[in-house]
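Residue-level structure breakdown
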Amino acid sequence: MNENTKSNLLEIGESIQSSSQQLSAASQEIAASAQTLMTNVMEVQKDTDDISKYINETHKILEIVNKIAKNTKLLGLNASIEAARAGEYGKGFSVVAGQIQKVSTESADAVKNIKEILDNISSISGTLAERVSRTTEIATSQASATEEISSSAQQLTEVTGNITKIAEEL
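Chains are numbered independently. Their residues run from 1 in the order of the written sequence. pLDDT decides what is reported in this predicted model: residues at 70 or higher carry local features, side-chain atom pairs at 80 or more are listed and counted, and totals for whole chains, interfaces and linings draw on all residues regardless. Note that the side-chain values use all heavy atoms of the structure and ignore hydrogens as well as water.

**Considering the overall build of the protein chain**
- From N to C terminus, the protein chain includes two helices and zero strands.
- Computation of the radius of gyration draws on C-alpha atoms alone. For the globule rule, the value is 2.2 Å times the number of residues to the power 0.38. In terms of overall dimensions, the protein chain is more spread out than a globule: its C-alpha atoms have a radius of gyration of 36 Å, far above the 15 Å expected for 170 residues.
- Viewed in the frame of its principal axes, the protein chain has a C-alpha envelope of about 125 × 15 × 15 Å.
- Within the span of the protein chain, comprising 170 residues, buried residues form 22% of the whole.
- Pairs of residues are marked as contacts when any of their non-hydrogen atoms sit within 4.5 Å. Once local pairs closer than 6 in sequence are excluded, the contacts in the protein chain between residues at least 24 apart make up 90%.
- Per-residue and other accessible areas follow the Shrake-Rupley method at a 1.4 Å probe size, with only the shown protein chains counted as cover for residues. With an accessible surface of roughly 11700 Å², the protein chain has 57% of that area assigned to carbon and sulfur atoms.
- In this tally Asp and Glu are treated as negative and Lys and Arg as positive; neither His nor the chain ends contributes. A charged residue contributes its charge at one atom only: NZ of Lys, CZ of Arg, CG of Asp or CD of Glu. Distance between charge centroids for the protein chain: 21 Å, based on 15 positive and 23 negative side chains. Numbered from the N terminus, helices here are DSSP runs of H or I no shorter than four residues, and strands are runs of E no shorter than two. Summary of the burial criterion: residues with accessible area below 20% of their type's maximum are buried, those above 50% are exposed, and those between are partly exposed, where the area comes from a 1.4 Å probe applied to protein chains only.

Here it is as structure tokens:
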């Protein structure tokens, strides 16, 4: 084998080894960032689950407020009846009874509006949870594939190192 061929073989071996080392380093960086991505996605999944839990708890509280509004409305209605029975003496109380009924109606309307808002948030949260779940699957697959690429790049670096050693011995 002549010196020119040996020199070319050494140069090619070193070039392949350098490229495989760069590939290995880059794939290790990608693997690390894929792992970070997967961790972040899992945290988002937990936060999404927490949002759903808090929405359910808020619905329970709204049910209590709604019951209070209904009872207050009945109280206001009864107060109006008693004010009417009292005649002239119940006029002032009639105004109070009307205000109680008004507050009750406004409270019931507010509960209805809050429930609608929470239902919208819940719907968006459900969609977000599905997207996060799909993203978690993709991130897991990506992290696994990147680790395989990194391993292959490391093997390529070792093989090219052996080629370079053989070329040096020629």
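Back to the text.
**Structural notes on the side chain of Thr 136**
- Note on placement: Thr 136 falls in helix H2 (residues 91–169).
- Residues within four places of Thr 136 in sequence aside, it is in contact with Val 41 and Met 42.

**Some words on a nonpolar patch on the surface**
- Exposure above 30% relative accessible area and the absence of a salt bridge qualify a residue for a patch, where like charges join within 9 Å and nonpolar side chains (Val, Leu, Ile, Met, Phe, Trp, Tyr) within 5 Å. Here a salt bridge means any side-chain nitrogen of Lys or Arg lying within 4 Å of a carboxyl oxygen belonging to Asp or Glu. Residues Ile 12, Ile 16, Leu 23, Ile 149 and Leu 156 make up a contiguous nonpolar surface patch of roughly 410 Å² in combined accessible area.
- Secondary-structure elements contributing two or more residues to the nonpolar patch are helix H1 (3–86) and H2.
- In terms of residue count, H1 provides more of the nonpolar patch than any other element does, three residues in total.
- Considering the arrangement of structural elements, one finds Leu 156 in helix H2.
- Looking at Leu 156, the relative accessible area reads 36%, which means it is partly exposed.

**Remarks on a negative patch on the surface**
- Taken together, the side chains of Glu 11, Glu 14, Glu 168 and Glu 169 make up a negatively charged region of the molecular surface.
- Mapped by element, the contributors of at least two residues to the negative patch are H1 and H2.
- Along the chain, Glu 14 turns up in helix H1.
- Residue classification places Glu 14 among the partly exposed positions, given a relative accessible area of 44%.

**Digging into the packing of H1 against H2**
- Each axis is a line fitted through C-alpha atoms, taken for helices only over the stretch in contact, and angles between the N-to-C directions span 0 to 180 degrees. Their axes nearest at 4 Å, the elements H1 and H2 cross at an angle of 170 degrees. Judged by the inter-axis angle, H1 sits roughly antiparallel to H2. In this structure, the crossing between H1 and H2 has a hand that is left-handed.
- For the contact of H1 with H2, a count of residues per class yields 37 nonpolar, 35 polar and nine charged. We call two directions roughly parallel when the angle between them is under 35 degrees, roughly antiparallel when it is over 145, roughly perpendicular when it lies between 65 and 115, and oblique otherwise. Crossings are classed by handedness, with left-handed meaning an anticlockwise turn of the near helix from the far one by less than a right angle and right-handed meaning a clockwise turn. For this scheme, ten residues count as nonpolar: Ala, Val, Leu, Ile, Met, Phe, Trp, Tyr, Cys and Pro. Four count as charged, namely Asp, Glu, Lys and Arg, and the remainder, Gly too, count as polar.

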